[in-house]
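So the chains spell out like this:
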Amino acid sequence: MRFSQVAAAVVVGTTGAAGQVFKTFTDSNGIDFWQATWSTTLGQGNAQWGMALPAAADTSMANEYIGRLVVPRVSTGTWMGLSHESSMTDSLLLVTWVDGSNVKTSFRYASGYVAPDIYTGNATLSQISSNVNDTHYELTYRCEGCWSWDQDGATASQVPATTSAAAQLIGWAQATNPPTNPSDAGSGLQQHANDGIFGALVASARNPSYTNWVTKATAAPTATGIYGNGTGSATGTGVVVSATATPTPVACPATNTLANSTFDYIIVGAGAGGIPLADKLSETGASVLLIEKGPPSSGRWGGSVKPDWLDGTNLTRFDVPGLDNEIWANSTGIACEDYSVMAGCVLGGGTAINAGLWWRANPADFDYNFPAGWKSADMQPAIARVFNRIPFTERPSTDGILYKPEGYNIIGGALAAAGWKNVSADTVPGEKNLTFSHPDHMFSHGERGGPLATYLVTASERKNFKLIMNTGVNRVVRDGSRMTGVEMQAFLPGGLCGTVNVTPQTGKVILSAGAFGTPKILFRSGIGPQDQLEIVQTAEGSKMVKSSEWLNLPVGYNLDDHTNTDVVITHPNVSFYDFYAAYNTPILADKNRYLNNRTGILTQSAPNLATVFWQEIVGADGITRQLQYTARVESAHSINSTKAMTISQYLGRGKTSRGRTVINGALAMSVSVLPYLNNEYDLAAVTSGLDFLKASLATDPAIKMVYPPSNQTTADFLAAYPITTGQRSANHWMGSCKMGLDSGLVNNGTAVVDTNAKVYGTDNLFVVDASVFPGMVSTNPSALIVSVAEHAAQLIPAVKILNTTVVDPVTAQSKNGTSSTSRLSGSPTGTTSPTRRTGSPTGVVSLSSVAFSSVNASSTKCTTNITITRSKPTASSTILRSASAPIARANSTSSVDVSPVTASSSQCTTRITITRSKSAGTAPTAISSTASPTATGGAGSVAEWQQCGGSGYAGATGCAAGLVCKAWNAYYSQCVSAGARR
């Protein structure tokens, strides 16, 4: 069940563009409702939902309402669900259906795009009246505790505001099949057929008579569980049905078959990042373990999910391009259950379930967003390798014919008449202003292709590569800054449990679990903002790494996504193809063409993507913002026409709105701050783009704009367009583990990983997936993510792990339970960085003084002599905010002197002497911006502004002529001119 991004617009007045009408209605019980009437396009007649609220001053009843629901019946059976916060996920759901002459009700909750579980929190439904006839069923009810919810620690609320202009967003979904067992209030549900959301003015629903109306309901006792029934008579009594337990976790196998194995690389997540990495790293001869949470997808890898007409073939629904939008009709066993947005927990990740769009990166995407070393010129070799492995195609059918091209002809013809340029986008990736193109896909020989058919194939042929599926990763196993392995948990039958380790001293862990999966693993590993780590600590107790080891990095911030805004047009020449029907009952000729020759419309992506076009908008803030438009032959937003096309506008590169993803007490991930239109400049770009689009399409008088209607201004349209993930998400999530030069361990730093993709503050933990992207890109991002993985695969092997971290045992004891500086729990808006209090990063106690001697790089064996002298400083001592490796954490009453250290790529012997003494005289001076780490040696090849040193850095250290290696902080040094200032 889902509330999709093609749902109806919010309505906060009396009439909406999607056909919803709000007005006051008094039912037979004498209750006044502020009620909407709309068409679900299912069954006979319209649907209705209304609510009555208590007076604003009556705060004791703020968390309840009286509702009235009228549902059109469908000949094949139906159910209707209501969401108390518009979205299906992370919201209290009320599901209703008919059982004989009764109306059944059931509270449900879904943490992701999966079948919702029974709600186990406190909510009470009492029926006031119900009625069932041949065409509709009706239910009037009191819902107590329904505006806030708590599902096993996952909490949220939408308590109606008391301001006059406030609107309550409500989502709805209706199915064309009944529950599997209508007499059981805990029955299973099949996926819905239509959905939408609307907004009801709170002030119009408030009434001082509310306290009298609630007496009409016979209250059921408050308890956890499902509330359902109804007598079918004019009045009824709410009955509490016992709760059904949540599903039992998958049992672990008797033994962990990997317990005694070690790997040079453990990669978590087999998607656009993880699969190419696994191939390229195993190509070097290193041993690689690739762990995928989900099941196999493509038939090549043992997948079996398919319609009957694919029986007898090695194809699954994931292999056939014309079946790719089935994810929106049936996501069971495919969508991640612990994310509040749609994501594929299946082998291949998004590249297994998406529309297969395959765009060569616009050079501006890397030049504008990424730091040095990741600019477009740096990326070209990796991009070339990607497109050599996975070429694009505009005509996926093996006969070279583009089937049903009418949509392209209509949109492209109007754009050309308006002066837009027709291009083949992947041949001119930098031309992204007033250009249009056929969609470019990664499909090959009429099948999906992509990383699953290329990189994974060559990796699987190597004995040093191993793939395991159906296995999640709870956390990375840490020994301070060193990662020793990962903790696995069976997600589906056949998955593994227990710990698997990396090669001692040299092994590396790489997280490629996506913009939500990677932050979740980091949070559970003690890496992230303190508010998130405390939530995990409460949920997991002793399983969580102790707080003295926490790394306070801005994981989860900087969350980004294309901002989606839809319009719908009609044209008499549109030729619609029902791809949804093709899943179970394809047209015989189309089925045969596909199975026999890989030709025909089923080789093309559903739902007939017609035209993709681009525009740039220069904002009043001086930033150029990229717009992409994707036109598909499909109706939406309650426009029911086979002559309709939906055009989705994506606001991309240059947008400054950012969001945040967080974890809740149930260890599920959600979006707490939306990355959509958080500032006037992003909104202005969307507005300007839509106005220009309307003018361009007007060159063809046969094109009719039906959503928004012609009598609605763009400003009014956007003011009424809800800003929710269901409505505005393009499902191109990225940015939650930002790459950058400004380490998040330093005050106000925004980066989680450095330019080697290594997590700041760790020795051997890396992130390579969409989460490292600093900002949004011009196009659908799959090919760019693979390109980032190709580039990272060249960098990660060169990162040396320096085993020189030292911990003073006395100081280490004092860290446990010590309050550390935390990231404020507030969230950024627009470009504002998350605020960090001054002081040391979590787990790092301030040093009174630190003296570093120079570090000499060597490739020979070494012996490290380290002396730590604890002395009492004078009152004039300067306190550092952070210190770099190889110095361990020490408290503010100590000074630390380190004798010369020779770093090596081979195993080192470390001798440590710790002495305590009282100091006499003046305490040593604190480290300055020019103090170590200052690396010596090297060939003098490092260019200006390139990295030459810093904690964990093992690259070239000698700067070019006229430059010096300057330490800006403990984590990053750059080659700069001798006069450069901090």
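- The name given to the protein in an unreviewed UniProt entry is CBM1 domain-containing protein, with the source organism recorded as Friedmanniomyces endolithicus.
- In its Sequence similarities (unreviewed entry) section, the UniProt entry covering the protein states "Belongs to the GMC oxidoreductase family."

Focus: the overall build of the protein
Part 1 of the reasoning: If you tally the helices and strands in the protein, you get 17 helices and 44 strands.
Part 2 of the reasoning: When burial is assessed residue by residue, the protein has 59% of its 982 residues classed as buried.
Part 3 of the reasoning: In the form shown here, the protein has an accessible surface area of approximately 34400 Å², with 51% of it arising from carbon and sulfur atoms.

Comments concerning empty space enclosed by the protein
Part 1 of the reasoning: Inspection of every chain in the model, using the stated rule, returns six cavities of 30 Å³ or more.
Part 2 of the reasoning: Computed from the structure, the largest cavity encloses a volume of approximately 150 Å³.
Part 3 of the reasoning: L402, P439, Q604, N608 and L609 are, among the 17 residues lining the largest cavity, the residues nearest its centre.
Part 4 of the reasoning: Counting only elements with at least two residues in the lining of the largest cavity, the list comes to α7 (406–417) and β28 (609–618).

A word on the packing of aromatic side chains
Part 1 of the reasoning: Summed over the entire model, instances satisfying the criterion amount to 24 aromatic pairs.
Part 2 of the reasoning: Between W420 and F692 the ring centres are 6.0 Å apart and the planes differ by 45°, which places this aromatic pair in the tilted class. Residue W420 is located in the loop between α7 and β20 (421–422), and its partner F692 is located in helix α13 (residues 680–697); the two are separated by 272 residues in the primary sequence.
Part 3 of the reasoning: Between the aromatic rings of F613 and Y629, the centroid separation amounts to 4.8 Å while the plane-to-plane angle is 10°, which identifies the pairing as stacked. Separated by 16 residues along the polypeptide, F613 in strand β28 and Y629 in strand β29 (residues 624–632) bring together distant segments of the chain.
Part 4 of the reasoning: Here the aromatic residues F22, W34, W38, W49, Y65, Y141, W147, W172 and F198 are joined through ring pairs into a cluster of three or more.
Part 5 of the reasoning: In this arrangement the basic side chain of K293 is found over the ring face of F491, its NZ or CZ atom lying 4.8 Å from the centre.
Part 6 of the reasoning: Of note, R389 hangs over the ring of Y455, and the distance from its end group to the ring centre comes to 4.5 Å.

Details of the side chain of K280
Part 1 of the reasoning: Mapped onto the elements of the fold, K280 is located in helix α3 (residues 274–283).
Part 2 of the reasoning: Among residues more than four places away in sequence, those in contact with K280 are R385, Y455, E790, A793 and Q794.

Things to note about the environment of S126
Part 1 of the reasoning: The topology assignment puts S126 in strand β9 (residues 124–132).
Part 2 of the reasoning: Sequence separation between S126 and A217 is 91 residues; the distance between their C-alpha atoms is 5.9 Å.

Quick look at the environment of A123
Part 1 of the reasoning: Within the secondary structure layout, A123 lies in the loop between β8 (117–118) and β9.
Part 2 of the reasoning: The class of A123 is buried, set by a relative accessible area of 1%.
Part 3 of the reasoning: Along the chain, A123 and F107 lie 16 residues apart, while their C-alpha atoms are 8.1 Å from each other.

Focus on unusual backbone geometry
Part 1 of the reasoning: Of the consecutive residues A606 and P607, the connecting peptide bond is found in the cis state with omega at 0°.
Part 2 of the reasoning: Secondary-structure assignment places P607 in the loop between α12 (588–597) and β28.
Part 3 of the reasoning: Note the cis peptide between Y707 and P708, where omega equals 5°.
Part 4 of the reasoning: Mapped onto the elements, P708 comes out in the loop between β33 (704–707) and α14 (714–720).
Part 5 of the reasoning: Non-glycine residue D90 carries a positive phi angle of around 55°.
Part 6 of the reasoning: One can find D90 in the loop between β5 (79–83) and β6 (92–99).
Part 7 of the reasoning: One non-glycine residue with positive phi stands out, namely S638, at about 65°.

Some thoughts on the pairing of β9
Part 1 of the reasoning: Across the nine residues that make up β9, a large majority, seven, are buried.
Part 2 of the reasoning: In this structure, β9 lies alongside strand β10 (residues 136–144), joined through eight bridges in antiparallel fashion. By the bridge assignment, S126 is partnered in β10 with R142.
Part 3 of the reasoning: Linking β9 back to β10 in an antiparallel pair, the connection comprises three residues.

Looking at the sheet that holds strand β13 (residues 167–174)
Part 1 of the reasoning: One open sheet accounts for six strands, arranged β8-β7-β6-β5-β13-β14; its pairing is antiparallel. Edge strands, defined here as strands with exactly one partner in the open sheet, are β8 and β14 (194–201).
Part 2 of the reasoning: Direction of pairing for strand β7 (residues 102–109) relative to β8: antiparallel, over a ladder of two bridges. If you follow R108 over to β8, its bridge partner there is I118.

Structural notes on the sheet that holds β10
Part 1 of the reasoning: Spatially, six strands are ordered β1-β2-β3-β4-β10-β9 in an open sheet, and the strand pairing comes out antiparallel. Looking at which strands have only one partner, the edges of the open sheet turn out to be β1 (21–26) and β9. Strand-to-strand twist across the sheet, computed as the mean angle between neighbouring axes with direction ignored, equals 20°.
Part 2 of the reasoning: Here strand β2 (residues 32–38) runs beside strand β3 (residues 47–52); their pairing, made up of five bridges, is antiparallel. Directly across from T37, in β3, lies its bridge partner Q48.

Remarks on the state of the cysteines
Part 1 of the reasoning: Throughout the structure, instances matching the rule amount to three disulfides.
Part 2 of the reasoning: Paired through a disulfide, C336 and C345 show a sulfur-sulfur distance of 2.0 Å. Across the disulfide from C336 to C345, rotation about the S-S bond amounts to roughly 100°, and the bridge is consequently right-handed. For the residue pair C336 and C345, the accessibility class agrees, reading buried in each case.

A few points about the pairing of strand β11 (residues 148–151)
Put simply, side chains in a regular strand alternate between the two faces of the sheet.
Part 1 of the reasoning: Residue alternation in β11 divides its side chains into a buried set, W149 and Q151, and an unburied set, S148 and D150.
Part 2 of the reasoning: Two strands pair when backbone bridges link them, and β11 and strand β12 (residues 154–157) are joined in this way by four bridges, in the antiparallel orientation. Across the sheet, residue D150 finds its bridge partner in β12, namely T155.

With respect to a negative patch on the surface
Part 1 of the reasoning: A contiguous patch of negative charge on the surface is contributed by D117, D150, D152 and E337.
Part 2 of the reasoning: As for its position among the elements, D117 is in strand β8.

Here we look at the pattern of salt bridges
Part 1 of the reasoning: Enumeration according to the criterion identifies 26 salt bridges in this entry.
Part 2 of the reasoning: Of the charged contacts in the structure, one is a salt bridge between E790 and K280, with a shortest N-O distance of 3.9 Å. Of this pair, E790 sits in helix α16 (residues 782–795) while K280 is found in helix α3, placing the two residues 510 residues apart along the sequence. Exposure class is identical for E790 and K280. Each is buried.
Part 3 of the reasoning: Salt bridges sharing common partners tie together D279, K280, E283, R385, R389, R462 and E790.

Thoughts on the environment of R728
Part 1 of the reasoning: Topologically, R728 is positioned in helix α15 (residues 725–728).
Part 2 of the reasoning: Spatially, the C-alpha atom of R728 lies 8.8 Å from that of D566, the residues being 162 residues apart in sequence.
Part 3 of the reasoning: Every residue in contact with R728, bar those within four places of it in the chain, is listed here: D561, H562, T563, N564, T565, Y676, L677, L718, Y721, P722 and I723.
Part 4 of the reasoning: A polar contact is formed between the side chain of R728 and the backbone oxygen of N564, at a distance of 2.7 Å.
Part 5 of the reasoning: A polar atom in the side chain of R728 sits 2.9 Å from the side chain of T565.

A short note on the side chain of T351
Part 1 of the reasoning: Following the sequence through the fold, T351 ends up in helix α4 (residues 350–353).
Part 2 of the reasoning: The exposure class assigned to T351 is buried, which follows from its relative accessible area of 3%.
Part 3 of the reasoning: Reaching out from T351, the side chain makes a polar contact with the backbone oxygen of G348 at a distance of 2.6 Å.
Part 4 of the reasoning: Excluding residues that lie within four positions of it along the chain, T351 makes contacts with A272, M442, R448, P451 and S782.

Some details on helix α6 (residues 376–389)
Part 1 of the reasoning: The terminal C-alpha atoms of α6, which comprises 14 residues, lie 19 Å apart, in line with the 20 Å expected from a rise of 1.5 Å per residue.
Part 2 of the reasoning: The largest bend in α6 amounts to roughly 30° and is located at A382.
Part 3 of the reasoning: Along α6, the residues classified as buried are S376, M379, A382, I383, V386 and F387.
Part 4 of the reasoning: Packed against the buried residues of α6 are α5 (363–369), α8 (455–460) and α16.

A short note on α13
Part 1 of the reasoning: When the terminal C-alpha atoms of α13 are compared, their 26 Å separation across 18 residues agrees well with the 26 Å that a helix rising 1.5 Å per residue should span.
Part 2 of the reasoning: For α13, the full list of buried residues reads D682, A685, V686, T687, G689, L690, L693, S696 and L697.
Part 3 of the reasoning: For α13, the capping residue at the N-terminal end is N679, with a side-chain oxygen 3.0 Å from the backbone nitrogen of Y681.

The rules behind each value
Residues numbered from 1 in each chain as written. Predicted model: local features only at pLDDT ≥ 70, side-chain atom pairs only at ≥ 80, totals over all residues. Heavy atoms only, no water. UniProt positions renumbered as here; feature names shortened; annotations may be inferred. Helix = DSSP H or I, 4+ residues; strand = E, 2+ residues; numbered from the N terminus. Buried < 20%, exposed > 50% of the residue type's maximum accessible area, 1.4 Å probe, protein only. Areas by Shrake-Rupley, 256 points an atom, 1.4 Å probe, with all protein chains shown as cover. 1 Å grid on protein atoms, 1.4 Å probe; cavity = no way out; pocket = protein on both sides within 12 Å on 5 of 7 lines; lining within 4 Å. Points joined across faces, edges and corners; volume = space filled by probe spheres on them. Phe/Tyr/Trp six-rings, centres within 6.5 Å; stacked < 30°, edge-to-face > 60°. Lys NZ or Arg CZ within 6 Å of the ring centre and 35° of its normal. Contact = heavy atoms within 4.5 Å. Pairing = 2+ DSSP bridges. Axes fitted to C-alpha atoms, helices over the stretch in contact; angles between N-to-C directions. Disulfide = S-S within 2.5 Å. Patch = residues over 30% accessible without salt bridge, like charges linked within 9 Å, V, L, I, M, F, W, Y side chains within 5 Å. Salt bridge = Lys/Arg side-chain N within 4 Å of Asp/Glu carboxyl O. Lys, Arg positive; Asp, Glu negative; His and termini not counted. Charge placed at Lys NZ, Arg CZ, Asp CG, Glu CD. Polar contact = N/O pair within 3.5 Å; in protein donor to acceptor, adjacent residues only side chain to side chain. Expected span 1.5 Å × (residues − 1). Bend = angle between axes of the 7 residues up to and from the residue.

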